[in-house]
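Structural overview for review
Residues per chain, in single letters:
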Amino acid sequence: MPHVFSFRQILRATGLSVTFAALAACAANAILPAPAHAAPPTRVVQLNAGMHLIHAELADTPDTRQQGLMHRESLRPNSGMLFVFEEKAGHCFWMKNTPLPLTIAFLADNGTIVNLADMQPRSEQNHCPRAAVRYALEMPQGWFRERGITAGATIGGLPQPR
């Protein structure tokens, strides 16, 4: 039968003090605050580009659109962010605080890709649609190209604006 050691026996054997052990236990169970720039929780919608499934976080409020993918270091496979605006307009995007290289697809109301633009990390260069749009889909740079998806293709499953 294996021997079971008490907490005090372990402390004596290792030379740790009760205070140190208590602090270590508290630290191990502490809840650390989220960084100030952490993204607010967003809903995920499933879109498709032909046979390709896309898991897109939904940015459909002023706060979620403003935050976008800023400060994100990675995305899961086939994941991105769908921006939904109440009104069709020339909504332009930049990458000031975004470390990921992305491609943005500007989408007509019926899901047709109006134009695509590669966006470089941390750049303040504006990327704008060629026509007024309500939707924009950001994916990892190269995602559309690797699947042969170009302007004129359709993205299905778009949610209705709020």
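Look a little higher up for the structure.
The following paragraphs examine the structure supplied in this document. The shown structure was predicted, so the numbers you read here are calculated from the model rather than taken from an experiment. (Residues numbered from 1 in each chain as written. Predicted model: local features only at pLDDT ≥ 70, side-chain atom pairs only at ≥ 80, totals over all residues. Heavy atoms only, no water.)

**Details of the sheet that holds strand S5 (residues 113–119)**
In space, the six strands of this open sheet follow the order S1-S2-S3-S6-S4-S5, with mixed pairing throughout. Bordering the open sheet on either side are strand S1 (44–49) and S5, each of which pairs with just one other strand. Strand after strand, the sheet turns through a mean of 30° between neighbouring axes, direction not considered. (Pairing = 2+ DSSP bridges. Helix = DSSP H or I, 4+ residues; strand = E, 2+ residues; numbered from the N terminus. Axes fitted to C-alpha atoms, helices over the stretch in contact; angles between N-to-C directions.)

**Regarding the packing of aromatic side chains**
Evaluated as defined, the whole model comprises four aromatic pairs. Both rings, one in tryptophan 143 and one in phenylalanine 144, keep their centres 5.2 Å apart while their planes meet at 85°; by these two values the pair is edge-to-face. Each member of the pair, tryptophan 143 as well as phenylalanine 144, carries the same accessibility label: buried. Put simply, the rings of Phe83, Phe85, Phe93 and Phe106 touch in pairs and so form one group of aromatic residues. (Phe/Tyr/Trp six-rings, centres within 6.5 Å; stacked < 30°, edge-to-face > 60°. Buried < 20%, exposed > 50% of the residue type's maximum accessible area, 1.4 Å probe, protein only.)

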